[in-house]
Amino acid sequence: MPERVILITGATGNLGRATARAFEAEGARLILVGSKPESLARAFPNLDQRHLPLAVDLTDAEATGRAITEAERQCGRIDAVCAVAGGFDMGEAVYEITPAAWDKMMKMNVWTMLNTVHAVVPGMIERKAGKIVTVGSSAALKGGARMGAYVSSKSTVMRLTESMSAELRGKGVNVNCVLPSTIDTPENRAAMPKADTEKWVKPEDLAAVIAFLCSDGAGAMHGALVPVTGLV
Ligand SMILES: NC(=O)c1ccc[n+]([C@@H]2O[C@H](COP(=O)([O-])OP(=O)(O)OC[C@H]3O[C@@H](n4cnc5c(N)ncnc54)[C@H](OP(=O)(O)O)[C@@H]3O)[C@@H](O)[C@H]2O)c1
């Protein structure tokens, strides 16, 4: 069986790097997407022929389409997509949300995912095979004070995952979503120095769930929003 080709967005971040390590362990070919060549070089100093680094701003639909289509041509196909790119911001009460704050969250969390799937789904439909995993948030299962734009953007990711799954489950493509709580990252440790980090979900544990959702073992899972919350 030829090695699988896995595209990981947000590959340069905490969860993206852990996801890349999980697939490296199975010998997969990896298309690693980051926003800049420098962040890719920092995150992956030792690339070999199994890795294809791709620097692209995923909020730019045209550039994303071009970059992913070229990567797919080079690798022959894309078997699975882990749409990990995204981010967090908070602060404004809902009555204060500015267009800039709203657009920032929608671009970072929704458009990065949408532009990615625009580029990969046609090939998956053609091959009648594919796995897509998106990343929502357990915090977005309900509203939260001063997090309106963030939880709205992640809720949108979650609803779009369910919609995509309904569209693609009959076409051989599984679409599912993981819902992390606080991930144990250096940034979260610095922002919340008094928190009980033992309760947080480890990036590698989350990556293992993502890898499972990309496996044949998860072939009967469609449109699931899977909480992965450590001890919370
Ligand atoms: N951290 C948490 O506690 C937590 C909790 C719930 C959900 N999540 C979600 O889990 C995912 C991973 O979180 P993380 O902590 O690993 O994040 P992270 O370390 O901040 O990494 C974010 C990644 O997204 C990429 N990215 C952001 N905007 C992009 C753009 N316009 N174009 C291309 N790439 C872009 C970054 O690329 P560059 O570095 O190359 O710019 C980076 O690889 C995110 O979707 C996040 O919302 C995180």
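Conventions and cut-offs
Residues numbered from 1 in each chain as written. Predicted model: local features only at pLDDT ≥ 70, side-chain atom pairs only at ≥ 80, totals over all residues. Heavy atoms only, no water. UniProt positions renumbered as here; feature names shortened; annotations may be inferred. Helix = DSSP H or I, 4+ residues; strand = E, 2+ residues; numbered from the N terminus. Rg over C-alpha atoms; globule rule 2.2 N^0.38 Å. Buried < 20%, exposed > 50% of the residue type's maximum accessible area, 1.4 Å probe, protein only. Contact = heavy atoms within 4.5 Å. Areas by Shrake-Rupley, 256 points an atom, 1.4 Å probe, with all protein chains shown as cover. Lys, Arg positive; Asp, Glu negative; His and termini not counted. Charge placed at Lys NZ, Arg CZ, Asp CG, Glu CD. Core = buried A, V, L, I, M, F, W, Y, C linked by side-chain atoms within 4.5 Å. Salt bridge = Lys/Arg side-chain N within 4 Å of Asp/Glu carboxyl O. Polar contact = N/O pair within 3.5 Å; in protein donor to acceptor, adjacent residues only side chain to side chain. Near = heavy atom within 4 Å. Pairing = 2+ DSSP bridges.

The protein chain has the name SDR family NAD(P)-dependent oxidoreductase in an unreviewed UniProt entry, where Pseudaminobacter soli is given as its organism. In its Sequence similarities (unreviewed entry) section, the UniProt entry covering the protein chain states "Belongs to the short-chain dehydrogenases/reductases (SDR) family."

**Q** Teacher, can you tell me more about the overall build of the protein chain here?
**A** The helix and strand tally for the protein chain stands at 7 helices and 7 strands. Of the regular secondary structure in the protein chain, the N- to C-terminal order runs β-α-β-α-β-α-β-α-β-α-β-α-α-β. Relative to the globule expectation of 17 Å for 232 residues, the C-alpha radius of gyration of the protein chain, 17 Å, shows essentially globular dimensions. Taking the principal axes of its C-alpha atoms as reference, the protein chain extends roughly 50 × 35 × 35 Å. Counting every position in the protein chain, which comprises 232 residues, the buried fraction comes to 49%. In the protein chain, 66% of the contacts between residues at least 6 apart in sequence involve partners at least 24 apart. Element-wise, carbon and sulfur atoms account for 56% of the exposed surface of the protein chain, whose accessible area totals about 11100 Å². Across the protein chain, the centroid of the 25 positively charged side chains sits 2 Å from that of the 25 negatively charged ones.

**Q** Quick question: what am I supposed to make of the nonpolar core here?
**A** Across soluble globular proteins, nonpolar side chains show a tendency to be buried alongside one another. The biggest cluster of nonpolar side chains holds 32 residues, and the ones touching the most others in it are I31, I78 and I132. Among the secondary structure elements, those contributing two or more residues to this core are β1 (5-9), β2 (29-34), β3 (51-55), α3 (61-75), β4 (80-83), α4 (99-127), α5 (148-168) and β6 (173-180). If you tally residues by element for this core, the top one is α4, at 9 residues. Those residues in contact with I78 that sit more than four places away from it in its chain are V5, L7, I31, I68, E72, V120, M124 and R127. Counting residues in each nonpolar core, the second largest holds 27 residues, with A11, A20, V201 and A211 among its members.

**Q** Would you take a moment to explain the pattern of salt bridges for this structure?
**A** Side chains that carry opposite charge are capable of pairing whenever their charged atoms lie near each other. Using the criterion set out here, one finds 11 salt bridges in the structure. Put simply, R4 and E26 hold a salt bridge, and the shortest N to O gap is 2.9 Å. Of the two residues, R4 is situated in the segment before β1 and E26 in the loop between α1 (14-25) and β2; the sequence distance between them amounts to 22 residues. With its nearest N and O atoms 2.8 Å apart, the salt bridge here joins R73 to E70. You can see R73 and its partner E70 sitting in helix α3, 3 residues apart, about one turn around the helix. Residue classification places R73 among the exposed positions, given a relative accessible area of 59%.

**Q** Would you explain the side chain of D184 in this entry?
**A** Within the secondary structure layout, D184 lies in the loop between β6 and α6 (186-191). The class for D184 is buried, based on a relative accessible area of 11%. Looking at D184, its side chain comes within polar contact range of the side chain of K202, at 3.3 Å. Ignoring sequence-local partners within four residues, the contact set of D184 consists of R189, T197, W200, V201, K202 and P203.

**Q** How should the site of the ligand be read in this particular structure?
**A** Taken together, 29 residues form the shell around the ligand, and within it T12, L15, S35, S39 and V84 come nearest. D57 places a polar side-chain atom, nitrogen or oxygen, 2.9 Å from a nitrogen atom of the ligand. Here an oxygen atom of the ligand sits 2.8 Å away from a polar atom, N or O, in the main chain of V84. Calculation on the ligand without its partners gives an accessible area of 890 Å², and the protein chains cover 82% of this total. Of all the secondary-structure elements, those providing two or more residues to the shell around the ligand are α1, α4 and α5.

**Q** I would appreciate a short explanation of the UniProt feature "domain: Ketoreductase" (unreviewed entry) in the protein chain in the present structure.
**A** When the UniProt feature table is mapped onto this chain numbering, "domain: Ketoreductase" (unreviewed entry) sits at residues 4-186. Here residues 4-186 is 46% helix and 19% strand, with 31 Å between the C-alpha atoms at its ends.

**Q** Looking at this model, I keep getting lost on the pairing of β2. Mind explaining?
**A** Looking down a regular strand, the side chains alternate between one sheet face and the other. Burial analysis of β2 places 6 of its 6 residues in the buried class, the great majority of the element. Burial along β2 is two-sided: the face carrying R29, I31 and V33 and the face carrying L30, L32 and G34 are both buried. Examined bridge by bridge, β1 and β2 share 5 bridges and lie parallel to one another. Across the sheet, residue V5 finds its bridge partner in β2, namely R29.

**Q** I keep staring at the side chain of T161 and nothing clicks. Help me out?
**A** Residue placement: T161 occurs in helix α5. When neighbours within four sequence positions are excluded, T161 is seen to be in contact with T134, V175, N176 and C177.

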